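# Structural characterization, general
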Amino acid sequence: MVAERGLALVAVGVDPPLSRHDIELIRNLSRYTPNISLLLTKVDVLDEGERAQVREFVQKQLARYWNDAVPVYPYSVRPGFERLRAELDQCLLSQAHSEAGEQHAAILRHKVDSLLGSAPAI
């Protein structure tokens, strides 16, 4: 169940880099967790300059909808892109694991705020 998760990792391909459906998915997830990151997949089909442009585009689009930055991690499963997988592990997964207790408290606060914000006024 999503409501029990401390981390939401949304995978989005670079073709197209961010759809309306992706934005809506992230919006729905944000009701359950404050910790959402985006995995930008298939970056191996782009050169270094194109990767930077797509990442910047995605970050700007996300900033239009959320005040807090949604981290974007370029990713590929192809050989030669091991550093991207290592970066994801180091920056996101290891951190989420080591901060699990702190994240649990933050998620509970987020859920309560979300519920209070969606409750009808009495």
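For every chain, the first residue of the written sequence is number 1, and numbering continues from 1 onward in sequence order. For this predicted model, a pLDDT threshold of at least 70 governs which residues receive local features, and a threshold of 80 or more governs which side-chain atom pairs are given and counted, while totals over whole chains, interfaces and linings are taken from all residues. Working from all heavy atoms in the structure, the side-chain values ignore hydrogens and water.

## Some points on unusual backbone geometry
Worth spelling out the cut-off: Secondary structure counts use DSSP, requiring at least four H or I residues in a row for a helix and at least two E residues in a row for a strand, with both numbered from the N terminus. Only protein chains enter the accessibility calculation, which uses a 1.4 Å probe. A residue is then buried if its area is under 20% of the maximum for its type, exposed if over 50%, and partly exposed in between.
The peptide bond linking D15 to P16 adopts the cis configuration, its omega dihedral lying at -5°. Structurally, P16 is set in the loop between β1 (8-13) and α1 (20-29). In the Ramachandran plot, K42 falls in the positive-phi region, its phi being about 65° despite a non-glycine side chain. By the secondary structure assignment, K42 is in the loop between β2 (36-41) and α2 (48-65). Look at K42 and you get partly exposed, because its relative accessible area is 43%.

## A closer look at the pairing of β1
Our working rule: If DSSP finds at least two bridges between two strands, the strands pair. By definition, the crossover connecting two strands over a helix is right-handed if that path, from the first strand to the second, turns clockwise as seen with the strands pointing away from the viewer.
Examined bridge by bridge, β1 and β2 share six bridges and lie parallel to one another. Each bridged residue has a counterpart across the sheet, and for G13 the counterpart in β2 is T41. On the question of chirality, the crossover connecting β1 to the parallel β2 by way of α1 is right-handed.

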